[in-house]
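Read off the chains here:
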Amino acid sequence: QVQVVESGGGLVQPGGSLRISCAPSGSIFSVDAMGWYRQVPGKEREFVADIITGGNTKYADSVKGRFTISRDNTNNTAYLQMSSLQPDDTAVYYCYAYGRLGVLRKTYWGRGTQVTVSS
């Protein structure tokens, strides 16, 4: 079964930086796209960034210029480099991987990693 595991979350002060990672694993899993969403209690899940195999990226307006998504295509590990963090960035960050396992394509989600921005 395909699994997606996020890591690297934690507590950071406003203005600081943090890098979180996402590592899918599974047998014969061909990845087409990876990305990040975030969610806070009482609010809808929010798109943050994604990247496709060809390297094209997309960002939410709220993080443009501050966050950078990248991907190591040798192991399909995605990274989100977050800079100039603000308290409003506090959320659980969820990674997804969209790809093929066997004949089916589907989206696989990780359990999330907590990012807290506070003094």
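The coordinates are above.
Let me sum up the structure you'll find in this document. (Residues numbered from 1 in each chain as written. Predicted model: local features only at pLDDT ≥ 70, side-chain atom pairs only at ≥ 80, totals over all residues. Heavy atoms only, no water.)

1. Observations regarding the overall build of the protein
Regarding its fold elements, the protein presents zero helices and eleven strands. Each helix (α) and strand (β) of the protein, taken in turn from the N terminus, gives the series β-β-β-β-β-β-β-β-β-β-β. Computed over its C-alpha atoms, the radius of gyration of the protein comes to 14 Å, within 12% of the 14 Å expected for a compact globule of 119 residues. Dimensions of the protein along its principal axes, counting C-alpha atoms only, are 45 × 25 × 20 Å. Pairs at least 24 apart in sequence give 55% of the contacts found in the protein among residues at least 6 apart. (Helix = DSSP H or I, 4+ residues; strand = E, 2+ residues; numbered from the N terminus. Rg over C-alpha atoms; globule rule 2.2 N^0.38 Å. Contact = heavy atoms within 4.5 Å.)

2. Notes on the pairing of strand S9 (residues 91–101)
Looking down a regular strand, the side chains alternate between one sheet face and the other. In terms of strand pairing, strand S4 (residues 29–39) meets S9 through ten bridges, oriented antiparallel. Note on S9: the bridge partner recorded for Tyr37 is Tyr94. For S9 and strand S11 (residues 113–117), the ladder comprises three bridges, and the chain directions are antiparallel. Within S11, the position partnered with Tyr93 by the bridge is Thr113. Where S9 lies against strand S10 (residues 104–109), six bridges are found, and the strand directions are antiparallel. From the neighbouring strand, Gly99 faces S10, where its bridge partner is Lys106. (Pairing = 2+ DSSP bridges.)

3. Focus on the pairing of strand S8 (residues 77–82)
In terms of burial, S8 is largely enclosed, as five of its six residues are buried. For strand S7 (residues 67–72) and S8, the ladder comprises six bridges, and the chain directions are antiparallel. Opposite Ile69, over in S8, you have Leu80 as the bridge partner. With antiparallel pairing between neighbouring strands as the criterion, S7 and S8 make up a hairpin whose turn holds four residues, including Asn76 at a positive phi of roughly 60°. (Buried < 20%, exposed > 50% of the residue type's maximum accessible area, 1.4 Å probe, protein only.)

4. As for the pattern of salt bridges
Summed over the entire model, instances satisfying the criterion amount to five salt bridges. With a closest N to O distance of 2.8 Å, Arg38 and Glu46 form a salt bridge. Taking the relative accessible area as the measure of exposure, Glu46 reaches 33% and is therefore partly exposed. A salt bridge links Asp89 to Arg38; the nearest nitrogen and oxygen atoms lie 3.0 Å apart. On the criterion of sequence distance, the pair formed by Asp89 in the loop between S8 and S9 and Arg38 in strand S4 is long-range, its members being 51 residues apart. Residue Asp89 is classed as buried on the basis of its relative accessible area, which comes to 1%. (Salt bridge = Lys/Arg side-chain N within 4 Å of Asp/Glu carboxyl O.)

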